[in-house]
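Chain by chain, the residues:
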Amino acid sequence: MRSLISILELSVEELDQLISTAKDIIAHPENYWDKCAHKKLATLFYEPSTRTRLSFEAAMLELGGTVLGFSEAGSSSAAKGESVADTAKMISCYADIAAMRHPKEGAPYVAAQAASIPFINAGDGGHNHPTQTLADLLTISREMGRLDNLTIGLCGDLKYGRTVHSLIEAMSRYTGIKFVLISPKELQIPGFVRFNVLERHSIPYTEVTSLEEAMPQLDVLYMTRIQRERFDDPWDYERLKDSYILDTPKMALAKEKMCVLHPLPRVNEISVQVDNDPRAAYFRQALNGKYMRMALILKLLEEAKENPVKDEIDTTDLEYDRVCHNPKCISQTEQELPQISRVTDKAANIHRCIYCEKRT
Amino acid sequence: MRSLISILELSVEELDQLISTAKDIIAHPENYWDKCAHKKLATLFYEPSTRTRLSFEAAMLELGGTVLGFSEAGSSSAAKGESVADTAKMISCYADIAAMRHPKEGAPYVAAQAASIPFINAGDGGHNHPTQTLADLLTISREMGRLDNLTIGLCGDLKYGRTVHSLIEAMSRYTGIKFVLISPKELQIPGFVRFNVLERHSIPYTEVTSLEEAMPQLDVLYMTRIQRERFDDPWDYERLKDSYILDTPKMALAKEKMCVLHPLPRVNEISVQVDNDPRAAYFRQALNGKYMRMALILKLLEEAKENPVKDEIDTTDLEYDRVCHNPKCISQTEQELPQISRVTDKAANIHRCIYCEKRT
Amino acid sequence: MRSLISILELSVEELDQLISTAKDIIAHPENYWDKCAHKKLATLFYEPSTRTRLSFEAAMLELGGTVLGFSEAGSSSAAKGESVADTAKMISCYADIAAMRHPKEGAPYVAAQAASIPFINAGDGGHNHPTQTLADLLTISREMGRLDNLTIGLCGDLKYGRTVHSLIEAMSRYTGIKFVLISPKELQIPGFVRFNVLERHSIPYTEVTSLEEAMPQLDVLYMTRIQRERFDDPWDYERLKDSYILDTPKMALAKEKMCVLHPLPRVNEISVQVDNDPRAAYFRQALNGKYMRMALILKLLEEAKENPVKDEIDTTDLEYDRVCHNPKCISQTEQELPQISRVTDKAANIHRCIYCEKRT
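Please read all numbers here as calculations on a predicted model, not as lab measurements.

### Some remarks on unusual backbone geometry
Going from Leu264 of chain A to Pro265 of chain A, the amide bond is cis rather than trans, its omega being 0°. Along the polypeptide, Pro265 of chain A turns up in the loop between strand S9 (259-261) and helix H11 (282-306). Although it is not a glycine, Ser202 of chain A adopts a positive phi angle of roughly 40°. By the element assignment, Ser202 of chain A lies in the loop between helix H7 (191-199) and strand S7 (205-208). Here the phi dihedral of Asp317 of chain C falls at roughly 60°; this positive angle occurs in a residue that is not glycine. Position of Asp317 of chain C among the secondary structure elements: in the loop between helix H11 (282-306) and strand S10 (318-319).

### What about the relation of the copies chain C and chain A?
For these two chains of identical sequence, chain C goes onto chain A by a turn of 120° and a shift of 0.0 Å along the axis, with RMSD 0.0 Å. Taken together, the rotation angle and the small translation identify this as a three-fold axis. Relative to the rotation axis, the C-alpha of Thr66 of chain C is the closest in chain C, positioned 5.1 Å from it. The share of interface residues of chain C whose copies in chain A are also at the interface is only 3%, consistent with the copies meeting through different surfaces.

### Some points on the interface of chain C and chain A
Listed as interface residues are 29 residues of chain C and, on the opposing side, 23 residues of chain A. There are 4 salt bridges connecting chain C and chain A. The partner of Asp275 of chain C in a salt bridge is Lys89 of chain A, with the nearest N and O atoms 2.9 Å apart. Counting across the chain C and chain A interface gives 10 residue pairs in polar contact (both at pLDDT 80 or more). Of all the secondary structure elements, the ones that give two or more residues to the side of chain C that touches chain A are helix H2 (50-62) and H11 of chain C. It is H2 of chain C that provides the largest number of residues to the side of chain C that touches chain A, a total of 9 residues. Across the side of chain C that touches chain A, the residue classes tally to 12 nonpolar, 7 polar and 10 charged.

### Re the sheet that holds strand S4 (residues 119-124) of chain C
Residues and elements named next belong to chain C. Strand order in the open sheet formed by 4 strands is S2-S1-S3-S4, with parallel pairing between adjacent strands. Both edges of this open sheet fall to strand S2 (66-70) and S4, since each of them pairs with a single strand only. Taken over all neighbouring pairs, the strand axes of this sheet differ in orientation by 15° on average, direction set aside. Sheet analysis places strand S3 (residues 97-102) next to S4, joined by 4 bridges and oriented parallel. Pairing of His102 across the sheet is with Asp124, part of S4.

### Things to note about helix H7 (residues 191-199) of chain C
All names here are of chain C. Those residues of H7 not exposed but buried are Val193, Arg194, Val197 and Leu198. Projection of H7 onto a plane perpendicular to its axis shows the buried side chains occupying an angular sector of 115°, all on one side. The elements touched by buried residues of H7 are helix H6 (162-171), strand S6 (177-182) and strand S7 (205-208).

### Section: the pattern of salt bridges
Counted under the stated rule, the structure contains 69 salt bridges over all chains. Between Arg266 of chain A and Asp275 of chain A there is a salt bridge, and its shortest N-O distance comes to 2.6 Å. Like Asp275 of chain A, Arg266 of chain A is buried. The partner of Arg266 of chain B in a salt bridge is Asp86 of chain C, and the shortest N-O contact between them spans 2.5 Å. Here Arg266 of chain B is found in the loop between strand S9 (259-261) and helix H11 (282-306), whereas its partner Asp86 of chain C is found in helix H3 (residues 84-91) on a different chain.

### Some details on the interface of chain B and chain A
A common measure of how large an interface is: the accessible area buried when the components associate. With 23 residues of chain B at the interface, the matching set in chain A holds 29 residues. Counting the surface lost from both chain B and chain A, the interface buries some 2,300 Å², and carbon and sulfur atoms represent 55% of this. At the junction of chain B with chain A, the criterion picks out 4 salt bridges. A salt bridge links Lys40 of chain B to Glu62 of chain A, with the shortest nitrogen-to-oxygen separation between them at 2.8 Å. Inspection of the chain B/chain A interface yields 10 residue pairs in polar contact (both at pLDDT 80 or more). Of all the elements in the fold, those that place two or more residues in the side of chain B that touches chain A are strand S2 (66-70) and helix H3 (84-91) of chain B. Residue composition of the side of chain B that touches chain A, by class: 7 nonpolar, 9 polar and 7 charged.

### Details of the sheet that holds strand S11 (residues 341-345) of chain C
What the 3 strands build is an open sheet, ordered S10-S11-S12 (chain C); its pairing is antiparallel. The sheet is open, and its two edges are formed by S10 and strand S12 (350-353) of chain C, each paired on a single side.

### A word on the relation of the copies chain B and chain A
Taken as rigid bodies, chain B and chain A are interconverted by a rotation of 120° and an axial shift of 0.0 Å, the fit giving an RMSD of 0.0 Å. Little of the interface of chain B is mirrored in chain A: 4% of its interface residues are interface residues there too.

### Digging into the domain arrangement of chain A
All names here are of chain A. Domain boundaries assigned for chain A yield domain 1 (7-129 + 287-306), domain 2 (130-285) and domain 3 (318-353). A separation of 26 Å is found between the C-alpha centroids of domain 1 and domain 2. Where domain 1 abuts domain 2, roughly 2,400 Å² becomes buried across the two surfaces, and 60% of that area is made up of carbon and sulfur atoms. Of all residues in domain 1, the largest losses of buried area upon contact with domain 2 belong to Ile7, His129 and Asn288, amounting jointly to 31% of the total for that side. Counting every contact that joins domain 1 to domain 2 gives 15 residue pairs in polar contact (both at pLDDT 80 or more). Only helix H1 (12-27), helix H2 (50-62), strand S4 (119-124) and H11 provide two or more residues apiece to the side of domain 1 that touches domain 2. Element by element, the count of residues in the side of domain 1 that touches domain 2 is highest for H1, at 8 residues. Class assignment for the residues of the side of domain 1 that touches domain 2 results in 15 nonpolar, 10 polar and 6 charged.

Conventions and cut-offs
- Residues numbered from 1 in each chain as written.
- Chains lettered and ligands numbered in written order.
- Predicted model: local features only at pLDDT ≥ 70, side-chain atom pairs only at ≥ 80, totals over all residues.
- Heavy atoms only, no water.
- Helix = DSSP H or I, 4+ residues; strand = E, 2+ residues; numbered from the N terminus.
- Least-squares fit on C-alpha atoms with pLDDT ≥ 70 in both.
- Contact = heavy atoms within 4.5 Å.
- Salt bridge = Lys/Arg side-chain N within 4 Å of Asp/Glu carboxyl O.
- Polar contact = N/O pair within 3.5 Å; in protein donor to acceptor, adjacent residues only side chain to side chain.
- Nonpolar A, V, L, I, M, F, W, Y, C, P; charged D, E, K, R; others polar.
- Pairing = 2+ DSSP bridges.
- Axes fitted to C-alpha atoms, helices over the stretch in contact; angles between N-to-C directions.
- Buried < 20%, exposed > 50% of the residue type's maximum accessible area, 1.4 Å probe, protein only.
- Arc of directions from axis to C-beta.
- Buried area = accessible area lost by both parts, 1.4 Å probe.
- Domains from an automatic or database assignment.

Below, the structure written as structure tokens:
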């Protein structure tokens, strides 16, 4: 039995298998109507995220299963100070599989360790959101007919956008991928993506500040929102923001065969005019998210049935003498949680918290 | 495929058909246990309304369908500033039909335009609440055995009570209907009901300030709450309020064969003593609401199956040059929503916002 | 038809029957998959309690039924000032059985009187929480193989801990039970338990302040949390708290065959180290709670089917001239609720409110 905390836990083969399962569900939904009969999904949302929660719930219901849970911490025992691990043990009594959204980075990892059922990370702070990436992959595959030999533009907040980081990590494992990183200087991709992913696997990429300029060469454009709060100087935001808003004039510069993705919800970074453009794939992307979650739930329940024993955690290079200083890490609040790091790069002597993966 | 935003979108024939379906459900519930198998209802409640939400959810469950959604904006993406139209497009990926409650007038109309599934208005501010009126109609039909030749008393806040306005509009289409409008001067029915409905269709009505006085002639008494906030001078409220509270002495003045309705929740406008009076129909009314929602869900899903293409909106007499100034109108907040009015009365040169129906 | 408001409404025979049903469910879950097909459970939680709510919902889902309701008063009509009785009448239109959690003592009793479906008290303030006690009983029965001839230690806040009071009341009806009451002087059991239960039925008990001292003789240890708020002088709390925290050294003093219970959620009163001790039964206790709720739902629905008429309330020794002064009593807020007391002890001239059972 295993959980899904990070997209990198899935091999390319497994990703391809999930995608083909999703496509089979789309082709023959009635074949899946009873696959999860008598199974329960718990949706444990410590912060609201309607789209992700409803996508998981719709997925389970379309598999013939049922759903229970909570949609915000306020109506959960967390209000009484219960630890994430205890909630995970508790929910293991009431459900067969769980999806957890939590503001603290690493919370779903801690839950998965304590639980006796598979846990799916439905977003932990700015850290991971693997099922969003699954939705992105199916969308690219369905829109473009392939996952290799693509020029992928990533636009907006590349510094803090976790969906962008996960997509780069996932796509980097396919062949013939080029990235065009479109953002203001202030919001370029962080070092751990640049060096650990792009440089290490020598993936070709260019960095530009102009969306117009990048538009003509893109097979895929992944839009994200630029938030005012990210700028020290509000004037920089005002100066920049419009140039990263996708509208019909900018779409006119793009290839005839390409697709626009967005994790949603969008605020104003994509003009409503663009919605009717056949290349606007962001609402089909939401639909694809449901199908990939169906495929994932089936896979994890199947694995749990074949092997109810939890997979051991990899204990190589663990260290118990370092403290994580990331204020958003679950280790800051979880009761009696040991501080554990892992050496991720001996040469460079880099240690990372096993919960939030920040350097310690 | 169509949605239900206002009760007037249903013809008298359709109302009669919904009522007979509801009566058949009451007689043979088991025949409907699987009618909505594998169908999902989304309950999108941007403000709490337990009774309406649970009535919709019970209705869908008794049809063998399932339910997902949210019960307040706080736990929805609206908190992240997502537009109503985007939420409608999103939920179209996850459900087969939706019921929306929203504080902004016209929000369900905007949602229905954007969605690819039928939307039911479960109350939009002070504007419409058609399924409440459906409950009222079935209740009158079951309690009195007919929907024509009735003297209907409407008591309390007739100025702001949207359920009163809708009931007048709906009943005005049946023959032999008389209205007795019972309210303090401050809370008499507004002009658009008086002139557009009563006067235009020359429906006989009288206006009185005394409930006792009206009691003896009524076949139906529809009670509503008078809220302190409605009065400029609190003393007027104190002076008036008791005379609009229904109690056993007032019931003693009524016909032996009549019925008392109330949209509920009631606070103190009907004394608990009255609950045991066989003429007190307001709790049976809540039950009837469930059956009419079952009938409506069946009808809209049936129509959507026969004709998946959305009905075109009527474009006659539309105007794009007028701004709606109603602060509660969805057009005040919805992203990139065009301002559109319709000429509803050429002679009087009256233009109304297509979303909230207020004059522009 | 009847409801369950207090554990004492169940005879020892009925408790044994519920326990054997629960054990049969555990042995043959598939036999119960459709027992509640087409039945609906309403979970009416006026204050959050994830564990209890999810336990009820999981129970109903595993019986093939469905669930609807609310998880906090904010998203309920209570916000509009609806009475508990009206909500109970309303929900009787939408569900077949209901579980109610309410901060006011006696609220579920009032609801049960108004409803036409069985109501289960899921916790009313500091008053009753019978299904927690059902979980405790099944856990003791499964862990120790019996419910008689046991030495039961109760540790922590025995003054305000309603689960402790209910467990003492329930276990007092079995033979050969000894209690060891472990608490600081400030938090000893209240008089109504000491005199009405222990003394009256001459149950042997000892009172100690040291957990270590008590440990060796216990067959069952029931832990509860000590809250800082309970102490006038915070220093007393600081001085005491650690001595009532269960850790591995204290477990080393216990019998090899014994079990530790806790109603959960636990904060820090049981160290996480203890979780792996085979005698730590508190997470299995959560699981047992689900099975007992399944057994209870089956029993109450069965009784309602055999006899749809509500059981009459016992009218002996009722008094209508006394006012309840308990600020947490539902009679303080419920609309038009008559003040009723019952003489519970003629000799001592003791009168108790029929809602909250406090002296009047």
